[in-house]
Amino acid sequence: MSKRIRKAVFPVAGLGTRFLPATKAVPKEMLTVVDRPVLQHVVDEAREAGIEHFIFVTGRNKGVIEDHFDIAYELEDTLKKRGKIKEYDALIADLPPAGAASFTRQQAPLGLGHAVWCAREIVGDEPFAVLLPDMVTLGNGPKKSRCLAQAVEAYEAHGGNVIAVEEVPPEETHQYGIVSVGKDFGAAFEITGMVEKPPRGTAPSNLMISGRYILQPEIFDILAKGEKGAGGEIQLTDSMVTLSGSQAFHGVRFDGKTYDTGSKLGFLAANLAFGLTRPDIADGLKAEIAKLLG
Ligand code: G1P
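Described below are features of the structure shown in this document. Values in this document were obtained by computation on a predicted structure and should not be read as measured data. (Residues numbered from 1 in each chain as written. Predicted model: local features only at pLDDT ≥ 70, side-chain atom pairs only at ≥ 80, totals over all residues. Heavy atoms only, no water.)

For the rest of this paragraph, the subject is the overall build of the protein chain. Of regular secondary structure, the protein chain possesses eleven helices and 13 strands. Against the compact-globule benchmark of 19 Å for 294 residues, the protein chain has a radius of gyration of 19 Å, which places it among compact chains. Expressed as lengths along the three principal axes of its C-alpha atoms, the size of the protein chain is roughly 60 × 50 × 40 Å. Counting only residues that meet the buried cut, the protein chain has 49% of its 294 residues in that class. Taking as baseline every contact in the protein chain between residues at least 6 positions apart, the subset at least 24 positions apart corresponds to 76%. In the form shown here, the protein chain has an accessible surface area of approximately 14,700 Å², with 55% of it arising from carbon and sulfur atoms. Computing the positive centroid from 33 side-chain charges and the negative centroid from 38, the protein chain places the two 3 Å apart. (Helix = DSSP H or I, 4+ residues; strand = E, 2+ residues; numbered from the N terminus. Rg over C-alpha atoms; globule rule 2.2 N^0.38 Å. Buried < 20%, exposed > 50% of the residue type's maximum accessible area, 1.4 Å probe, protein only. Contact = heavy atoms within 4.5 Å. Areas by Shrake-Rupley, 256 points an atom, 1.4 Å probe, with all protein chains shown as cover. Lys, Arg positive; Asp, Glu negative; His and termini not counted. Charge placed at Lys NZ, Arg CZ, Asp CG, Glu CD.)

Structure, rendered in structure tokens:
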């Protein structure tokens, strides 16, 4: 039986330059989708998939992320004194248990592969998940399970390494990591190749790596070499290509929708899509959208 996935790495050191000036003083991961920070949605998804230990790879000016996942004594005390018990309970329910969140820093922006490598001591010798914090997901189907839960299911069925993928229009493939599809098992398929940001017209498929991974710890030995790839950065995709020489990789087509909140359009679309799932505001939001569209 495959080892259970207990730990997840959240690379949150990015500068958020695509979202200036909003991200000048506020980390991009703390911008809100409805009333929860983007990063909280991603942590919710990890918890739903059974993750017990949350590892944040942060950077300078990201201290507020640590505060967000800690108790806020004065606020909590004031809420209790004012009888705002629902709000208090909601804050407490979001908190990782004591000792279940770890923070380490990526000292220089050397790429996603380097950020993941910075978590090696905290992950140790066990398979783990990686969740890219820009990407927020909403599941389809009766269970509405989000992307990492679906990746964990595929991992339990096939073991090895698992990468979530989603279709993108062919004219967008150059912006992402793209996989090649081998034997199909229905919910999952064998990955026979991966390429980071292929030049236009050269992508092996239109299935992009959508930011949810389950990786075996041997990836760290490959990342340790620090080899640079696309854009002069240490790419996670390149080290996965190397690891795929000795270990199986499966792709899972996410049954749902991923929103890239790092782009302005994706951020706005995520707010609308998540807003429409919220019983307290869905009807009002629909009415506002209808008014705007005339
Ligand atoms: C990263 C990954 C890429 C993936 C993408 C998803 O790229 O390297 O493989 O498709 O995230 O958003 P980045 O967006 O950091 O350039």
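On to the site of the ligand, then. Close contacts around the ligand come from L112, L132, M135, Y176, G177, E196, K197, I209, Q235 and T237, and that covers them all. E196 places a polar side-chain atom, nitrogen or oxygen, 2.7 Å from an oxygen atom of the ligand. Separating an oxygen atom of the ligand from a side-chain N or O atom of K197 is a distance of 2.6 Å. Expressed as a share of its isolated accessible area of 380 Å², the protein-covered part of the ligand is 77%. Class assignment for the residues of the shell around the ligand results in five nonpolar, three polar and two charged. (Near = heavy atom within 4 Å. Polar contact = N/O pair within 3.5 Å; in protein donor to acceptor, adjacent residues only side chain to side chain. Nonpolar A, V, L, I, M, F, W, Y, C, P; charged D, E, K, R; others polar.)

Here we take up the nonpolar core. F10, L148 and I214 are the most contacted members of the largest nonpolar core, which totals 38 residues. Among the secondary structure elements, those contributing two or more residues to this core are β1 (7-11), α1 (38-48), β4 (53-58), β6 (128-131), β7 (135-139), α7 (147-158), β8 (161-167) and α10 (264-276). In contact with F10, other than residues within four places in its own chain, are L39, V42, V43, A46, F54, I55, F56, V57 and L131. In this structure, V123, L132, V165 and L207 belong to the second largest nonpolar core, which totals 35 residues. (Core = buried A, V, L, I, M, F, W, Y, C linked by side-chain atoms within 4.5 Å.)

Looking now at the pattern of salt bridges. Opposite charge on two side chains allows them to pair when their charged atoms are near. Tallied over the full model, the rule gives 18 salt bridges. One salt bridge connects K28 with D134, and the closest N-O pair in it is separated by 3.2 Å. Here K28 is found in the loop between β1 and β2 (32-33), whereas its partner D134 is found in the loop between β6 and β7, with 106 residues between them in sequence. Overall, the relative accessible area of 15% leaves D134 in the buried class. Among the ionic pairs, K291 bridges to E288, the shortest N-O distance being 3.4 Å. (Salt bridge = Lys/Arg side-chain N within 4 Å of Asp/Glu carboxyl O.)

Turning our attention to the packing of aromatic side chains. Scanning all chains against the criterion turns up six aromatic pairs. The interplanar angle of 20 degrees and the centroid separation of 5.0 Å between the aromatic rings of F10 and F56 together place this pair among those described as stacked. On the criterion of sequence distance, the pair formed by F10 in strand β1 and F56 in strand β4 is long-range, its members being 46 residues apart. Side by side, F10 and F56 carry an identical accessibility label, which is buried. Centroid distance F19 to F267: 5.2 Å. Interplanar angle 70 degrees. Geometry classified as edge-to-face. (Phe/Tyr/Trp six-rings, centres within 6.5 Å; stacked < 30°, edge-to-face > 60°.)

Our focus in this paragraph is the environment of P199. Position of P199 relative to the elements: it lies in the loop between β10 (188-196) and β11 (207-215). Assessed through its relative accessible area of 56%, P199 is described here as exposed.

In this section: the packing of α10 against helix α11 (residues 282-292). At a closest axis distance of 8 Å, the pairing of α10 and α11 adopts a crossing angle of 135 degrees. In terms of orientation, α10 and α11 fall into the oblique class. For the pair α10 and α11, the contacting residues are L272, G275 and L276 in the first and A282, L285, K286 and I289 in the second. Tallied by class, the residues present in the contact of α10 with α11 amount to five nonpolar, one polar and one charged. (Axes fitted to C-alpha atoms, helices over the stretch in contact; angles between N-to-C directions. Parallel < 35°, antiparallel > 145°, perpendicular 65-115°, else oblique.)

Once that is clear, we can look at a nonpolar patch on the surface. A surface patch of nonpolar side chains, amounting to about 220 Å² of accessible area, comprises L75, L91 and I92. Within the secondary structure layout, I92 lies in helix α4 (residues 85-94). (Patch = residues over 30% accessible without salt bridge, like charges linked within 9 Å, V, L, I, M, F, W, Y side chains within 5 Å.)

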